[in-house]
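Breakdown of the fold
These are the residues of each chain, in order.
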Amino acid sequence: MPFIIANESFEKVAGYGLLANMILYLMSEYHFSAASGANILFLWNAASNFTPMLGAFLSDSYLGRFLVIALGSLISFLGITMLWSTAFFRNTRPPACDILKEHCLPSTIAQRVLLYCSFIVMSIGAGGIRPCSIAFGADQIDNPEDPKNQLVLQSFFNWYYASVGISVMLSVTVIVYIQDKAGWVIGFGVPLGLLFLAAVLFLIGSPFYVKVKGNKSLFTGFAQVVAAAFKNRRLALPPKNSECDGQYYHGKDSKVIAPTERLRFINKACLIRSPEKDLDSNGLAIDPWKLCTVKQVEALKALIKVLPIWSTGIMAAVNINQSFPVIQVSSMDRRFIGSLKIPAGSFSVFGLLTLTIWVAIYDRILAPFLAGLTGHPRGLSLKQRMGIGLVLTTVAMAVSALVERKRRALAIYEGFANNPRGVTTMTAMWAVPQHCLLGLAEAFNAIGQIEFYYSQFTKDMSSIAVALIMFGMGVGGLAGSLIVTIVDKVTKRGGNVSWVDSNVNKGHYDYYYWVLTCMSLINFLYYLVCSWAYGSCEESNIWSDEDRDANEEETDRKHNGTPTLSHV
């Protein structure tokens, strides 16, 4: 575990240490506008969260998690090396110029290609590390035969997320401080060295790992189910609740012999038309594109069923990954103790600190207390926790709008309307509550999502479960970029100043935050509908052989009068 957590922690220190201040690097060194810089970061975030789907596919289906993490670490190191070269070599950037005071020469195509390529390569590397690390860690401790296995996994998820939070806190404080004080060459060089160290530590621990080998392609299995269901669409299904033994193909030695009734039309993919034509002499399917197993059908159903709830996390991702607060805080009084100033890119540490403290308090104090009140072993149900997280992101955006309205009005009053670099007398501590609310929202929603997907999928789909969260963050990046683009183009029509203008005192970032608040409120109402339609998420996945065994064992314990976790 120390090698796995060290690799993930150093990767987070490197990645988030770069992201926190990147909007300032793009504006000052490459002369991008605030809107263009935000779009680039949204798209980089999207790419970094789309690639985990590919990483999950490769790890679960072919290469295994260890090899995918190792390759991802090396590729990430290459990407950061390319980014560091943009700061080290002067001709990789346009001539020095202050974009807020004068007309600056734009970067050349070659310069932008190198910059964009560094982002793309880092995103590919992240695709190998991010979906597999937490699942690889769970592989080391997951023991279905242990009656306390579910609680052990929950505790692992919480503490793993907390350790990552601490790592990110270090990145947005120490790394950002180095960038502000020592410049971009050293500021990018330190993450480069940390990522190299992460790769070395992870490879050193290789002899000690539990390595789960990749199975056949899960995505190919999904495609086979779709194809078989379509080819068999004209077949009639057996009546509901009828005896189905022998009518469905369940594979050799499988204890799950019939599919569930949910999404019943997909059951045609495992319906045997003619045993003589569909099965060989060993009882195996002759053509897997015409006949699939019950487990394949139920795996696809599980994935389809969670998609509506998954989609509600997209708006939360838009809110959490905002880069504009860095620009706003830059114009506020950032003195903390005496003459000590907090770097503008470091204010997200308050959200991370809130997340980490809350996880520890909830796991050790609140969860046991709430369990006594609600009768739920986790204190609050998974859907309750996800819903609370969505409410908190909505409140955070409303608070951001109110604080920005006050900051802008004071900046104009103090004569900084045309000087966005001017520092107002308003303390930057007013920006802390919105970051704390977002950190608390992530603690509820993100961890709730991880446990939700992990509980609804089988163990061989665990990396895909985690990658779903990453994919949601990726779609959130695209949505965030689209929102910024629309707001920028619509609000500057007719010669008006854009709400997201590079001059933060001329723009109206408060209006932009109110747009996000309204969208977040609508998203929460949509979540309530999706949550109601989903039904209970606490039931065991009895379509999985290993879960069927565990379910039978628990049933035996109940009949024997032995207390179980559900009784407690």
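Every value quoted in this text rests on a predicted model; they were computed, and no experiment measured them.

Calculation criteria
- The residue count restarts for each chain, going from 1 along the sequence in the order it is written.
- Totals for whole chains, interfaces and linings use all residues, but because this is a predicted model, local features are given only for residues with pLDDT of at least 70 and pairs of side-chain atoms are given and counted only at 80 or more.
- To get the side-chain values, all heavy atoms of the structure are used, and hydrogens and water are removed first.
- Labels follow the DSSP assignment, with helices taken as runs of H or I lasting at least four residues and strands as runs of E lasting at least two, numbered in each case from the N terminus.
- A 1.4 Å probe rolled over the protein chains alone gives each residue an accessible area, and that area as a share of the maximum for its type sets the label: buried under 20%, exposed over 50%, partly exposed in between.
- Every residue pair with non-hydrogen atoms within 4.5 Å of one another is taken to be in contact.
- Only the protein chains shown count as cover for residues, with accessible areas throughout obtained via the Shrake-Rupley method and a probe of 1.4 Å.
- Pairing of N or O atoms within 3.5 Å defines a polar contact, subject to two protein rules: one partner must be a possible hydrogen donor and the other a possible acceptor, and residues neighboring in sequence count only if both atoms are side-chain atoms.
- Here, expected helix span is obtained from the residue count minus one, scaled by 1.5 Å.
- The arc in question is the one spanned by the directions pointing from the helix axis to the C-beta atoms.
- Note on ring pairs: Phe, Tyr and Trp rings are taken, using the six-membered ring of Trp, and paired if centres are within 6.5 Å. Classes follow the plane angle, with under 30 degrees stacked, over 60 edge-to-face and the rest tilted.
- For a Lys NZ or an Arg CZ to count as sitting over a ring, it must be within 6 Å of the ring centre and within 35 degrees of the ring normal.
- Axis definition: a line fitted to C-alpha atoms, limited for helices to the stretch in contact. Angles are taken between N-to-C directions and run from 0 to 180 degrees.
- Angles below 35 degrees are treated as roughly parallel, those above 145 as roughly antiparallel, those between 65 and 115 as roughly perpendicular, and all remaining angles as oblique.
- By definition, any crossing whose near helix is turned counterclockwise from its far helix by less than a right angle is left-handed, and any crossing with a clockwise turn is right-handed.
- By the convention adopted, Pro, Cys, Tyr, Trp, Phe, Met, Ile, Leu, Val and Ala count as nonpolar, Lys, Arg, Asp and Glu as charged, and the other residues, Gly among them, as polar.
- The patches reported here contain residues having more than 30% relative accessible area and no salt bridge. Joining distances are 9 Å for like charges and 5 Å for nonpolar side chains (Val, Leu, Ile, Met, Phe, Trp, Tyr).
- Salt bridge, as used here: a side-chain nitrogen of Lys or Arg that lies within 4 Å of a carboxyl oxygen of Asp or Glu.
- UniProt positions are given in the numbering used here, feature names are shortened, and annotations may be inferred rather than shown by experiment.
- Throughout, nonpolar core names a set of buried Ala, Val, Leu, Ile, Met, Phe, Trp, Tyr and Cys residues whose side chains join them through atoms within 4.5 Å.

1. Remarks on the overall build of the protein
Along the backbone of the protein there are 18 helices and two strands. Looking at the protein as a whole, 55% of its 568 residues qualify as buried. Long-range contacts, defined here as pairs at least 24 residues apart, represent 79% of the contacts in the protein between residues at least 6 apart. Taken as a whole, the protein presents about 25000 Å² of accessible surface, with 66% of it coming from carbon and sulfur.

2. As for the side chain of Thr-424
Tracing the backbone through its elements, the reader meets Thr-424 in the loop between α14 (382–413) and α15 (432–456). Of note is the side chain of Thr-424, whose polar atom sits 3.3 Å from the backbone nitrogen of Met-426. Residues contacting Thr-424, with those up to four places away along its chain left out, are Ser-331, Met-332, Asp-333, Leu-410, Ala-411, Glu-414 and Phe-416.

3. Considerations on helix α7 (residues 184–204)
For α7, which comprises 21 residues, the first-to-last C-alpha distance of 31 Å matches the rise-based estimate of 30 Å (1.5 Å per residue) to within 8%. For α7, the set of buried residues is Trp-184, Gly-187, Phe-188, Pro-191, Leu-192, Leu-194, Leu-195, Ala-198, Ala-199 and Phe-202. Buried positions in α7, seen along its axis, are confined to an arc of 165 degrees and lie on one side of it.

4. Topic: the packing of aromatic side chains
Summed over the entire model, instances satisfying the criterion amount to 26 aromatic pairs. With a centroid separation of 5.6 Å and an interplanar angle of 55 degrees, the aromatic rings of Tyr-512 and Tyr-513 are classed as tilted. Across from the ring centre of Phe-230, 4.1 Å away, lies the NZ or CZ of Arg-233, which sits over that ring.

5. Overview of the packing of helix α10 (residues 294–311) against helix α17 (residues 509–534)
At their nearest, the axes of α10 and α17 sit 8 Å apart, and the two run at 160 degrees to each other. Between α10 and α17, the crossing angle belongs to the class labelled roughly antiparallel. Remark: the crossing between α10 and α17 carries left-handed chirality. Touching Lys-305, Val-306, Pro-308, Ile-309 and Ser-311 of α10 are Asn-523, Tyr-526, Tyr-527, Cys-530, Ser-531 and Tyr-534, all from α17. Looking at the contact of α10 with α17, its residues break down into seven nonpolar, three polar and one charged.

6. Some details on a nonpolar patch on the surface
Taken together, the side chains of Tyr-62, Leu-63, Leu-67, Leu-71, Ile-75, Tyr-116, Ile-120 and Ile-124 define a hydrophobic patch exposed on the protein surface, amounting to about 690 Å² of accessible area. At the level of elements, α3 (34–63), α4 (65–88) and α5 (109–141) are the ones that each hand at least two residues to the nonpolar patch. Along the chain, Ile-75 falls in helix α4.

7. With respect to unusual backbone geometry
Here His-31, not a glycine, exhibits a phi torsion of approximately 65 degrees, which is positive. Among the secondary structure elements, His-31 is positioned in the loop between α2 (22–29) and α3. Judged by relative accessible area, which is 11%, His-31 ranks as buried. Positive phi, normally seen in glycine, also occurs at Leu-263, with a value near 45 degrees. Structurally, Leu-263 is set in the loop between α8 (218–231) and α9 (275–278). By relative accessible area, which is 29% here, Leu-263 ends up partly exposed.

8. Quick notes on the environment of Met-386
Relative to the helices and strands, Met-386 is located in helix α14. Separated by 61 residues in the primary sequence, Met-386 and Ile-447 have C-alpha atoms spaced 8.3 Å apart. In this structure Met-386 touches Ile-309, Phe-444, Asn-445, Gly-448, Gln-449, Phe-452 and Tyr-527, once residues within four positions along its chain are discounted.

9. Brief notes about the pattern of salt bridges
A complete count under the given rule lists nine salt bridges for this structure. The closest approach of N and O atoms between Glu-298 and Arg-262, which form a salt bridge, is 3.9 Å. With Glu-298 in helix α10 and Arg-262 in the loop between α8 and α9, this residue pair connects regions lying 36 residues apart in the sequence. A relative accessible area of 26% means that Arg-262 is categorised as partly exposed. Through salt bridges that share partners, Arg-262, Glu-298 and Lys-301 make up one connected network.

10. Focus on the UniProt feature "transmembrane region" (unreviewed entry) in the protein
With numbering aligned to this structure, UniProt lists the feature "transmembrane region" (unreviewed entry) at residues 62–84, 113–138, 159–178, 184–210, 342–362, 382–403, 464–487 and 511–534. Helix makes up 100% of residues 511–534 and strand 0%, and the two end C-alpha atoms of the span are 35 Å apart.

11. Structural notes on the nonpolar core
Membership of the largest hydrophobic core comes to 118 residues, with the highest contact counts inside it found for Met-22, Phe-119, Phe-324, Tyr-453, Phe-457 and Tyr-512. The leading source of residues in this core is α15, at ten residues. What Phe-324 contacts, discounting residues up to four positions off in sequence, is Ala-34, Ala-38, Val-484, Val-500, Tyr-509, Tyr-512 and Tyr-513.

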